[in-house]
Amino acid sequence: MQSRSLSILTVTSFLYLVLAASAEAQRGRGEEVRLPAGAGQKLVQDLCAQCHGLNRITRSSGYDQIRWRALIDTMMALPDAQAITISKYLTEHFPEQPGRRPTLVPGDASIEITEWMVPTLGQRSRDPIQAPDGSIWWTGMWASLAGRLDPKTGEMEEFHLPPSARPHSILPDVYGNIWYMGNSNATIGKLDPTTGIITEYPTEARDPHTAVFHPNGNLYFTAQQASMLGRLNPRTGEITEIQTETRPYGIQVASNGTIWVAYNGTNKIGALNPQTMDVRYYEVPNEESRIRRL
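Residues numbered from 1 in each chain as written. Predicted model: local features only at pLDDT ≥ 70, side-chain atom pairs only at ≥ 80, totals over all residues. Heavy atoms only, no water.

The strands making up a sheet associate through hydrogen bonds between their backbones, and the pairing can be parallel or antiparallel. Strand order in the open sheet formed by 4 strands is β5-β6-β7-β8, and the pairing between neighbours is antiparallel. Looking at strand neighbours, the two that pair on one side only are β5 (167-172) and β8 (198-202), the edges of this open sheet. On average, adjacent strands in this sheet sit at an angle of 20° to one another, irrespective of strand direction. Relative to strand β6 (residues 178-182), β5 runs antiparallel, the two sharing 4 bridges. Bridging across to β6, Pro167 finds its partner in Gly182. (Pairing = 2+ DSSP bridges. Helix = DSSP H or I, 4+ residues; strand = E, 2+ residues; numbered from the N terminus. Axes fitted to C-alpha atoms, helices over the stretch in contact; angles between N-to-C directions.)

Next up, the structure:
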């Protein structure tokens, strides 16, 4: 098994993240997050909160020191002195909670997991997907890149996208192009891996989120914060967008051509007509449900 790690951000991306996170990094969902006093407290507040809220720590399941250190090493390249101080502090105040361990299925099982280090630390690699040629692609959201892995050889390379794109998800087409959702710059982008050329399609929705290709050849997408759904014709570049219920998230195409949408902010799913762009909504029985993926 290869060791884990995620790469160092470029200076530009790093500064962008610090500014973007400063207003919310000390908070969870609206409440102030206060870390326990102790050696390492200020280091955690100064370093960890640069890229994510401290509620990620206070709401975690906790780890022993070895696992805290391993997790830190996937996010930042720190000197041993700082990494040890932080991992000791986190172990003391946020130890592993055995009650939250998974329940194992009885009986013997043989499972092999292979992990690859992506080249850039802190990029928040996410949403891997397989291209028609068998390669595995991912999006490095915080570093604005798209990466490709050859699972047979382990060879990896990363394509730099426009710095402000911060793509949330990624999607290959049948021609080998890689499409990404520019979650921070209101674009849908197409990367041609053979040339590295990127074509951007501006959207009215400020945060394209997740997309899917329909058998009719069009790309349909959600925009969570903008509460919009969209359709892009890759042949002409024409984009049609509509307002919809709050926070559309996951999206899938059914065998009959209906496009189903998950509404993360409500207890609803929606059926989108690919021709008319009309949406029929369905409520699930539990009003507290918040549906994300389909």
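Within this structure, the stated rule accounts for 6 aromatic pairs. With 6.0 Å between their ring centres and 80° between their planes, Trp179 and Phe213 make a pair best called edge-to-face. On the criterion of sequence distance, the pair formed by Trp179 in strand β6 and Phe213 in strand β9 (residues 208-213) is long-range, its members being 34 residues apart. Seen from their ring centres, Trp260 and Tyr282 are 5.6 Å apart, and the 40° between their planes marks the pair as tilted. Of this pair, Trp260 sits in strand β14 (residues 259-263) while Tyr282 sits in strand β16 (residues 279-283); the two residues are 22 residues apart in sequence, bridging distant segments of the chain. For Tyr282, a relative accessible area of 30% puts it in the partly exposed group. Across the ring face of Tyr281, the terminal group of Lys268 is positioned such that the distance to the ring centre comes to 5.7 Å. (Phe/Tyr/Trp six-rings, centres within 6.5 Å; stacked < 30°, edge-to-face > 60°. Buried < 20%, exposed > 50% of the residue type's maximum accessible area, 1.4 Å probe, protein only. Lys NZ or Arg CZ within 6 Å of the ring centre and 35° of its normal.)

Below, the discussion takes up the pattern of salt bridges. Where charged atoms of side chains with opposite charge meet at close range, the side chains can pair. Applying the stated criterion to the full structure yields 8 salt bridges. Across the pair Asp73 and Arg69 runs a salt bridge, and its minimum N-O distance is 3.2 Å. Of this pair, Asp73 and Arg69 both sit in helix α4 (residues 65-73), 4 residues apart, which is roughly one turn of that helix. Taken together, the shared-partner salt bridges in this structure form one network comprising Arg69, Asp73 and Asp80. (Salt bridge = Lys/Arg side-chain N within 4 Å of Asp/Glu carboxyl O.)

A word on the nonpolar core. Membership of the largest hydrophobic core comes to 16 residues, with the highest contact counts inside it found for Val44, Leu54, Ile57, Ile86, Leu90 and Phe94. Contributions of two or more residues to this core are made by α2 (41-47), α4 and α5 (80-93). Here the element with the most residues in this core is α5; it accounts for 4 residues. With sequence-adjacent residues up to four places away left out, Leu90 is seen in contact with Val44, Ile57, Trp68, Ile72 and Pro95. (Core = buried A, V, L, I, M, F, W, Y, C linked by side-chain atoms within 4.5 Å. Contact = heavy atoms within 4.5 Å.)

Attention now goes to the confidence of the model for the protein chain. Averaged over all residues, the pLDDT of the protein chain is 88; the fraction at 70 or higher stands at 89%. The low-confidence segment residues 1-30 (pLDDT under 50) makes 69 contacts with residues lying over four places distant or belonging to another chain. (pLDDT = per-residue confidence, 0-100.)

This part covers the sheet that holds strand β4 (residues 156-160). Pairing is antiparallel in the open sheet, where 4 strands are placed in the order β1-β2-β3-β4. Unpaired on one side and paired on the other, β1 (125-130) and β4 mark the two borders of the sheet. Along the sheet, successive strands turn relative to each other by an average axial angle of 25°, direction set aside.

Angle between the axes and distance between the axes are the two parameters that describe a pair of packed helices. Between α4 and α5, the shortest axis-to-axis distance is 9 Å and the interhelical angle comes to 130°. Accordingly, the angle class assigned to the pair α4 and α5 is oblique. In this structure, the crossing between α4 and α5 has a hand that is right-handed. Along its contact with α4, which presents Gln65, Trp68, Arg69 and Ile72, the element α5 presents Asp80, Ala83, Ile84, Ile86, Ser87, Lys88, Leu90 and Thr91. Its residues assigned to classes, the contact of α4 with α5 comprises 6 nonpolar, 3 polar and 3 charged. (Parallel < 35°, antiparallel > 145°, perpendicular 65-115°, else oblique. Left-handed = near helix turned anticlockwise from the far one by under 90°. Nonpolar A, V, L, I, M, F, W, Y, C, P; charged D, E, K, R; others polar.)

If you check the backbone angles, Ser144 has positive phi at about 55° while not being a glycine. The topology assignment puts Ser144 in the loop between β2 (136-140) and β3 (145-149). Unlike most non-glycine residues, Ala186 shows phi in positive territory, near 55°. Locating Ala186 in the fold gives a position in the loop between β6 and β7 (187-191).

With that out of the way, let us pick up the side chain of Asn264. With respect to the helices and strands, Asn264 occurs in the loop between β14 and β15 (268-272). A distance of 3.2 Å separates polar atoms of two side chains, one belonging to Asn264 and the other to Gln224. Contacts of Asn264, omitting those with residues within four sequence positions, involve Gln224, Arg247, Tyr249, Arg290, Ile291 and Arg292. (Polar contact = N/O pair within 3.5 Å; in protein donor to acceptor, adjacent residues only side chain to side chain.)

With that out of the way, let us pick up α5. Between its first and last C-alpha atoms α5 spans 20 Å; for 14 residues at 1.5 Å apiece the expected length is 20 Å, and the two agree. Among all positions of α5, only Ala83, Ile86, Ser87, Tyr89 and Leu90 are buried. Projected down its long axis, α5 carries its buried residues within an arc of 160°, all on one side. Among the exposed residues of α5, those pointing more than 90 degrees away from its buried face are Ala81 and Glu92. Taken together, the buried residues of α5 touch α2, α3 (55-58) and α4. (Expected span 1.5 Å × (residues − 1). Arc of directions from axis to C-beta.)

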